[in-house]
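Results of the structural survey
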Amino acid sequence: MAENTDKNKLDPMLKYKVAEKPGGETVKACYSCGVCTAACPVNEVNEDFNPRKMIRMILLGDKENLFSSDLMWYCMLCERCYANCPQKVNFAHIARALRDIAVEEGFVDSEFSVIIKKIESRVGDLRKDAIAEVLKNKKNIENIDINKTLKELINSDE
Ligand code: SF4
Ligand code: SF4
């Protein structure tokens, strides 16, 4: 995600809009150390997903690049970044704030945001059910096929 340096295209109000949302006020405390990114499980699988960089874009007001990218939708809202942040900045809350602003300002349809919330809820349930299944078979751990277990759980729901 490239940073916008054209001052005419920056929105200086963006950080205030984020700060007005529940939990979003911590955004202004970020000093860009990058500990959040190092702790983030999504960054482990996708280097382009970088909470430190996204916060910098909010503080700069680089709305155009932030909202034209899909990256903010990849946050799992797990709060591992928050647990490690020396400034107690909560990126999960900030990601929720960004998603609300994206809907309010017409960057995405509100139905899109509802689908993302349903996916998050379903993934949480799936994780709980998969772990319960593994625990049931913990005496035969070598026989557990994780992909098969996940497929069966997904199919049992259809
Ligand atoms: S760990 Fe906290 S202070 Fe450091 S970059 Fe991330 S949000 Fe900012
Ligand atoms: S809340 Fe989002 S940014 Fe923070 S560690 Fe989890 S996935 Fe990464």
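In this text, all values refer to a predicted model and were calculated from it rather than measured experimentally. (Residues numbered from 1 in each chain as written. Chains lettered and ligands numbered in written order. Predicted model: local features only at pLDDT ≥ 70, side-chain atom pairs only at ≥ 80, totals over all residues. Heavy atoms only, no water.)

1. Observations regarding the site of ligand 1
Neighbouring residues of ligand 1: 13 residues in total, closest C30, C33, G34, C36 and C85. The site holding ligand 1 turns out to be the largest cavity. Taken together, the elements giving at least two residues each to the shell around ligand 1 come down to α2 (35-39) and α4 (51-60). When its residues are assigned to classes, the shell around ligand 1 shows nine nonpolar, three polar and one charged. (Near = heavy atom within 4 Å. 1 Å grid on protein atoms, 1.4 Å probe; cavity = no way out; pocket = protein on both sides within 12 Å on 5 of 7 lines; lining within 4 Å. Sits in = over half its atoms within 2 Å of the grid points. Helix = DSSP H or I, 4+ residues; strand = E, 2+ residues; numbered from the N terminus. Nonpolar A, V, L, I, M, F, W, Y, C, P; charged D, E, K, R; others polar.)

2. Comments concerning the site of ligand 2
Near ligand 2 lie 14 residues; those nearest to it are C40, C75, C78, E79 and C81. Counting atoms within 2 Å of the grid points, the majority share of ligand 2 lands in the second largest cavity. Sorting the residues of the shell around ligand 2 by element identifies α3 (41-45), α6 (80-84) and α7 (91-104) as the ones contributing at least two each. The residue makeup of the shell around ligand 2, split by class, is 12 nonpolar, no polar and two charged.

3. Some thoughts on the layout of surface pockets
Rolling a probe over the atoms, with the probe sized like a water molecule, indicates the empty space that remains. The calculated volume of the largest pocket comes to roughly 420 Å³. If you go around the largest pocket, the residues you meet are V42, W73, Y74, C75, M76, I116, I119, E120, V123, G124 and R127. Looking at the lining of the largest pocket, the element that brings in the most residues is helix α8 (residues 110-136), giving six residues. Split by residue class, the lining of the largest pocket holds eight nonpolar, one polar and two charged. Taken together, domain 1 (7-108) and domain 2 (112-156) each give at least three residues to the lining of the largest pocket, which thus spans both. (Points joined across faces, edges and corners; volume = space filled by probe spheres on them. Domains from an automatic or database assignment.)

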